[in-house]
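A closer look at the structure
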Amino acid sequence: EMVPFRLTGFLLSVLQPLAGPRAHGTFRDGLQRALRKCREHMGVLMDACSLFIREPLLDWTIESRRRGNNDVEFLPRQRLRFLKERLRGKHPSILLVEELAESR
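Everything numeric here is computed off the predicted structure, so don't read it as measured data. (Residues numbered from 1 in each chain as written. Predicted model: local features only at pLDDT ≥ 70, side-chain atom pairs only at ≥ 80, totals over all residues. Heavy atoms only, no water.)

1. A word on the overall build of the protein
Secondary structure summary: the protein contains eight helices and zero strands in total. Along the protein, from the amino end to the carboxyl end, the secondary structure elements read α-α-α-α-α-α-α-α. Within the protein, the fraction of its 104 residues that count as buried is 19%. Partitioning the intrachain contacts of the protein with sequence separation of at least 6 by distance along the chain shows that 41% fall at a separation of at least 24. (Helix = DSSP H or I, 4+ residues; strand = E, 2+ residues; numbered from the N terminus. Buried < 20%, exposed > 50% of the residue type's maximum accessible area, 1.4 Å probe, protein only. Contact = heavy atoms within 4.5 Å.)

Written out as structure tokens, the structure is:
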């Protein structure tokens with residue numbers, strides 16, 4: 001998914017004991033630490049995700065064929081490229097626009 005969840009007011013209220021005021025707390029700190037570790041060990045994460053190039057998800061295979069693209073590795077490579085760009089810190093809104101443009 002492009003956006004696995006949205007940090008809405010409702011979600012913040014549910015997480016309030018962990019989030020603290022204005023989402024500055026344990027929850028946010030944990031997410032920041034997780035992102036920092038992912039960036040520090042980007043190679044390991046990319047290697048683990050590269051499995052999807054060799055064994056793409058059935059949905060990606062079907063989508064590639066629906067688009068008339070016989071290269072079933074196209075979508076997994078595209079997803080990995082977006083992941084790498086996210087880990088490098090490219091602005092999420094720019095990536096979202098690019099993802100939406102390429103999903104047509």
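2. Regarding the pattern of salt bridges
As enumerated under the stated definition, the model contains five salt bridges in all. In this structure, Lys90 and Glu85 form a salt bridge, with 3.1 Å as the shortest nitrogen-oxygen distance. Lys90 serves as the salt-bridge partner of Glu98, at 2.9 Å between the closest nitrogen and oxygen. On the basis of relative accessibility, which here comes to 28%, the residue Lys90 falls in the partly exposed class. Via salt bridges that share partners, Arg79, Arg86 and Glu99 belong to a single interconnected network. (Salt bridge = Lys/Arg side-chain N within 4 Å of Asp/Glu carboxyl O.)

3. Some points on the packing of helix H7 (residues 74-87) against helix H8 (residues 92-102)
The interhelical angle for the contact between H7 and H8, taken along N-to-C directions, is 170 degrees, at an axis separation of 11 Å. The angle between the axes of H7 and H8 places the two elements in the roughly antiparallel class. Contacts between H7 and H8 involve Gln78, Arg79, Arg81, Phe82, Glu85 and Arg86 on the former and, on the latter, Leu95, Glu98, Glu99 and Glu102. Residues belonging to the contact of H7 with H8 are distributed by class as follows: two nonpolar, one polar and seven charged. (Axes fitted to C-alpha atoms, helices over the stretch in contact; angles between N-to-C directions. Parallel < 35°, antiparallel > 145°, perpendicular 65-115°, else oblique. Nonpolar A, V, L, I, M, F, W, Y, C, P; charged D, E, K, R; others polar.)

4. So, the packing of helix H4 (residues 42-49) against H7
At a minimum axis distance of 11 Å, the contact between H4 and H7 shows a crossing angle of 165 degrees. Classified by the angle their axes make, H4 and H7 are roughly antiparallel. Seen from above, H4 lies across H7 with right-handed handedness. Counting all contacts with H4, which are made through Met42, Leu45, Met46 and Cys49, the residues of H7 involved are Leu80, Leu83, Lys84 and Leu87. (Left-handed = near helix turned anticlockwise from the far one by under 90°.)

5. A closer look at the environment of Cys49
Here Cys49 shows up in helix H4. Judged by its relative accessible area of 18%, Cys49 is buried. Setting aside chain neighbours within four positions, we find Cys49 in contact with Leu80 and Leu83.

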